Amino acid sequence: MASTIPDPHPRTDDASGAAPPASGRAGRIEAHGVDHIPDSERHGRPRELFSVWAAANVNYLSLIIGGALVLMGLSLWQSLAVIVVGNLFWLLTGLLATSGPAAGAPSEVITRSLYGVIGNRFNNAIGGWLVSVCYFALNLAAAAAAAFALVEKAGITTNTPVKVVVVVVIAALTLVISVYGHGMIMKLYLPITLVLAAAFAVVAFAVAGHADFAYRPAEPLTGVELWAVLVAGVTMIASGPLSYTTSADFSRYLPRTAPRKGIVGWTAFGAFLPSVLTCALGAVAATAVDMTDPQTGLERILPGWFHPVFLLALVLGTIAINALTAYSAGLALQAVGLRIRRSLSVIVDGVVAVALTLYGLLASSLLDTVSNALQLAVVLTGPLMAVYATDIVLRRGRYDGAALSDETPNSPFWYTGGVNGAGALALGAGVAAATLSVNTLYAGPVADALGGVDVSLPVGMVVSAAVYAVLMRKHATVRAARAEA
């Protein structure tokens with residue numbers, strides 16, 4: 001079977017800059033979910049992806065992670081090196097984005113080629129929906145903390161009813177963007193990027209006046225201890241790009257003729273640049289203020305008039321990243337097999353995330369538990385990213401969008417009983433190898449033998465990619481894709 005079936009609709013490559021069809025405009029709720037996007041509705045240019053990823057990466061979490069590197073015992077320049085290396089993993093996010101225009105489908109459907117129609121439902125339930133909702137809840141809690149401080153500045157006591165209202169309002173603003181979908185995201189994220197960049201530029205100016213650019217800890221790390229912290233720092237930074245195995249969700253409306261290099265470049269650069277700058281700002285700030293409590297620490301050096309603006313920027317940045325998370329989680333819920341509209345699936349995700357956030361903030365330490373669990377997420381997301389990227393390389397970026405939409409036993413992606421054994425075994429092998437090599441909440445035997453150095457990220461990715469490449473080398477759908485390339 002050929003790997004690309006021509007679409008019955010006429011092709012448009014949007015080279016003339018024509019306006020997108022009504023179904024893809026910002027003022028209309030996106031009609032498409034996990035279904036195939038016909039060529040007649042493809043529009044846009046790869047460069048538009050820059051602002052989507054930039055807006056999502058000028059955020060509070062990046063600031064905290066950058067500061068954490070210094071708090072872990074690294075010098076400023078060691079921290080900056082770790083930030084650059086860890087953010088290079090955005091290149092993989094960019095590579096995955098190329099599968100969107102090729103298939104005219106989101107990542108949640110494309111991964112049927114990896115795991116089979118039935119196997120992919122489990123992949124989406126755990127690696128897609130569950131992880132996304134947990135991230136949504138954690139980011140929502142972070143935004144709520146900034147919003148609580150803003151409410152307090154307005155003279156309002158943040159009692160339980162007020163906290164509930166604040167969380168619900170932030171979640172509602174986020175879900176409006178996610179429900180309207182792709183068109184709204186493409187429309188809003190350039191101005192959001194510019195606003196956030198301006199706000200963080202003021203923070204950078206204030207920090208620069210107090211920073212110690214020659215900072216070194218009083219007792220510098222050496223030997224195995226230094227390597228353990230360096231590797232842990234890279235893993236912590238890389239967990240961000242590795243969590244976006246859904247980057248095709250935001251590129252699938254591009255014409256299938258869109259240049260792959262442009263898709264990789266604008267996606268990766270759009271995320272890499274702001275993430276590096278924001279993380280670096282957090283690291284530099286840690287040489288001047290106590291970044292164990294960034295809001296309080298930065299308030300001491302920021303202009304008084306600007307601190308409320310800074311808090312608003314933190315909330316806006318979190319809304320931007322959570323809107324993408326909720327959008328993909330909604331698609332994952334559909335891909336699991338729940339037969340509801342994409343807009344309703346997004347709302348379901350939001351309700352679950354709000355419930356988790358409120359329960360964690362008001363009733364228990366649930367969010368702490370979820371946070372600890374997500375520290376181990378790279379054990380899963382690393383192999384998931386590696387298998388997906390390997391599949392793209394094996395198929396040379398060729399995907400049959402119409403065939404991927406077929407969920408019957410006649411689908412070329414049904415494999416055996418609806419499961420692709422190669423994908424399942426490769427993912428299992430990668431996760432097992434990473435689990436043996438981790439040193440986060442516990443020390444695996446490999447990490448223990450290496451003196452505590454956590455090598456779960458490279459080990460998990462290399463093992464899963466190698467196993468998948470070997471097992472899929474002779475598969476018919478891969479041979480067809482390579483023959484057509």
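Note that the structure is a prediction, hence the values are computed from the model and not measured. (Residues numbered from 1 in each chain as written. Predicted model: local features only at pLDDT ≥ 70, side-chain atom pairs only at ≥ 80, totals over all residues. Heavy atoms only, no water.)

### Points about the overall build of the protein chain
Applied cut-off: Strands are runs of DSSP state E lasting at least 2 residues, helices are runs of H or I lasting at least 4, and numbering of each runs from the N terminus. Remark: exposure states derive from per-residue accessible area (1.4 Å probe, protein chains only) relative to the maximum for the residue type, with buried under 20%, exposed over 50%, and partly exposed in between. By the convention used here, residues are in contact when the closest approach between their heavy atoms is within 4.5 Å.
A count of helices and strands for the protein chain gives 22 helices and 0 strands. The buried share of the protein chain, taken over its 485 residues, is 56%. For the protein chain, restricting intrachain contacts to residue pairs at least 6 apart in sequence, the fraction spanning at least 24 positions comes to 84%.

### Comments concerning the confidence of the model for the protein chain
Do not read the predicted coordinates in detail wherever pLDDT is low. For the record, the criterion: Per-residue confidence from the predictor is given as pLDDT, running between 0 and 100.
With 90% of its residues at a pLDDT of 70 or more, the protein chain shows a mean pLDDT of 88. The low-confidence segment residues 1-18, where pLDDT is below 50, has 44 contacts with residues more than four positions distant or belonging to other chains.

### Here we look at a nonpolar patch on the surface
Keep this limit in mind: Residues forming no salt bridge and having over 30% relative accessible area are the ones grouped into patches, like charges within 9 Å of each other and nonpolar side chains (Val, Leu, Ile, Met, Phe, Trp, Tyr) within 5 Å. Residue burial considers only the protein chains on display, and all accessible areas are found by Shrake-Rupley using a 1.4 Å probe. For this document, the term salt bridge refers to a Lys or Arg side-chain nitrogen within 4 Å of an Asp or Glu carboxyl oxygen.
On the surface, Val84, Val85, Leu88 and Leu91 cluster together into a nonpolar patch covering about 320 Å² of accessible area. The residue Val84 is located in helix 3 (residues 76-87) in this model. A relative accessible area of 36% means that Val84 is categorised as partly exposed.

### Here's the deal with the nonpolar core
Spelled out, the test is: Nonpolar cores are built from buried Ala, Val, Leu, Ile, Met, Phe, Trp, Tyr and Cys residues. Side-chain atoms within 4.5 Å join them into one set.
Membership of the largest hydrophobic core comes to 128 residues, with the highest contact counts inside it found for Tyr189, Val207 and Leu298. Considering each element in turn, this core owes the most residues, 17 residues, to helix 14 (residues 307-336). Once residues lying within four places of it in the same chain are set aside, the contact partners of Tyr189 are Ser51, Val52, Ala55, Ile177, Ile319, Ala320, Ala323 and Leu324.

### Description of the side chain of Asp454
Note on placement: Asp454 falls in the loop between helix 20 (445-449) and helix 21 (456-472). Filtering out sequence-adjacent residues up to four positions away, Asp454 remains in contact with Val231, Ser437, Val438, Asn439 and Thr440.

### Concerning unusual backbone geometry
Excluding glycine, residues mostly carry a negative phi; peptide bonds, for their part, are mostly trans. Non-glycine residue Arg396 carries a positive phi angle of around 55°. The residue Arg396 is located in the loop between helix 17 (378-395) and helix 18 (401-404) in this model. We classify Arg396 as partly exposed; its relative accessible area is 39%. Positioned with a positive phi, Tyr415 is a non-glycine residue whose angle comes to about 55°. Judged by its relative accessible area of 17%, Tyr415 is buried.

### Details of the packing of helix 3 against helix 11 (residues 223-242)
For clarity, the threshold we go by: Axis geometry follows a simple rule: fit a line to the C-alpha atoms, using only the stretch in contact for helices, then measure angles between N-to-C directions, giving values from 0 to 180 degrees. Oblique is the label for any angle not under 35 degrees, not over 145, and not in the 65 to 115 range, which are roughly parallel, roughly antiparallel and roughly perpendicular in turn. Crossings are sorted by hand: turned counterclockwise from the far helix by less than a right angle, the near helix makes the crossing left-handed, and turned clockwise it makes it right-handed.
Orientation of helix 3 relative to helix 11, taken along the N-to-C sense of each, is 40°, at an axis distance of 8 Å. Comparing their axes, helix 11 and helix 3 come out oblique. Like other packed secondary-structure pairs, helix 3 and helix 11 cross with a definite hand, here right-handed. Of helix 11, the residues touching helix 3 (which contributes Gln78, Val82, Ile83, Val85, Gly86 and Asn87) are Leu226, Leu230, Gly233, Val234, Ile237, Ala238 and Pro241.

### Focus on the pattern of salt bridges
According to the stated counting rule, one finds 9 salt bridges in the structure shown. A salt bridge links Arg112 to Glu407; the nearest nitrogen and oxygen atoms lie 3.6 Å apart. Taken together, the positions of Arg112 in helix 7 (residues 112-115) and Glu407 in the loop between helix 18 and helix 19 (421-437) put the pair 295 residues apart, joining distant regions of the chain. Between Asp391 and Arg395 there is a salt bridge, with the nearest N and O atoms lying 2.9 Å from each other. Of this pair, Asp391 and Arg395 both sit in helix 17, 4 residues apart, which is roughly one turn of the helix. The two residues Asp391 and Arg395 agree in class, both being buried.

### What to know about the environment of Ala377
With respect to the element layout, Ala377 can be found in the loop between helix 16 (366-375) and helix 17. Take Ala377: its relative accessible area is 10%, and that puts it in the buried class. Expressed as a C-alpha distance, the spacing of Ala377 and Leu242, which sit 135 residues apart in the sequence, is 9.3 Å.

### Focus on the side chain of Ser437
Under the convention used in this document: By the criterion applied in these results, polar contacts are pairs of N or O atoms within 3.5 Å in which, for protein atoms, one can donate a hydrogen and the other can accept it, and in which residues neighboring in sequence qualify only through two side-chain atoms.
In this fold, Ser437 is placed in helix 19. Judged by its relative accessible area of 1%, Ser437 is buried. One polar contact links the side chain of Ser437 to the main-chain carbonyl oxygen of Ala433, over a distance of 2.9 Å. For Ser437, the residues in contact, after removing those within four places along its chain, are Val446, Ala447, Val453, Asp454, Val455, Ser456 and Val459.

### A word on the packing of aromatic side chains
Centre-to-centre distance and the angle between the planes together describe a pair of aromatic rings. Let me state the cut-off plainly: Centre distance within 6.5 Å is the pairing criterion for rings of Phe, Tyr and Trp, where only the six-membered ring of Trp is used; planes under 30 degrees apart are then read as stacked, over 60 as edge-to-face, and the remainder as tilted.
Evaluation of the coordinates by the stated rule reveals 10 aromatic pairs. Ring centres of Phe50 and Trp266 lie 6.0 Å apart, and the angle between their planes is 90°; on these two criteria the pair is classed as edge-to-face. Here Phe50, found in helix 1 (residues 49-55), pairs with Trp266, found in helix 12 (residues 260-285); they are 216 residues apart in sequence, far enough to count as distant. The class for Phe50 is partly exposed, based on a relative accessible area of 22%. Given the relative accessible area of 35%, Trp266 is considered partly exposed. Ring pairs connect the aromatic residues Trp53, Trp90, Tyr244, Phe250 and Tyr327, which therefore count as one cluster.

### What about helix 8 (residues 119-153)?
Stated formally: By definition here, a helix of n residues has an expected span of 1.5 Å times n minus one. At any given residue, the bend is defined as the angle formed between two axes, one fitted to the seven residues that end at that position and one fitted to the seven that begin there.
Under the 1.5 Å per step criterion, the end-to-end length of helix 8 is 50 Å for 35 residues, consistent within 8% with the ideal 51 Å. Along helix 8, the sharpest kink reaches roughly 30°, centred on Ala125. One or two residues past the end of helix 8 sits Gly155, with phi positive at roughly 90°.

### A look at helix 2 (residues 60-71)
With 12 residues, helix 2 should reach 16 Å at 1.5 Å per residue; the first-to-last C-alpha distance of 17 Å fits that figure. Within helix 2, 9 of the 12 residues are buried, which leaves the element mostly enclosed by the surrounding structure. Every buried residue of helix 2 is accounted for by Tyr60, Ser62, Leu63, Ile65, Gly66, Gly67, Ala68, Leu69 and Val70. At the N-terminal boundary of helix 2, the capping side chain belongs to Asn59, with an oxygen 3.1 Å from the backbone nitrogen of Leu61.

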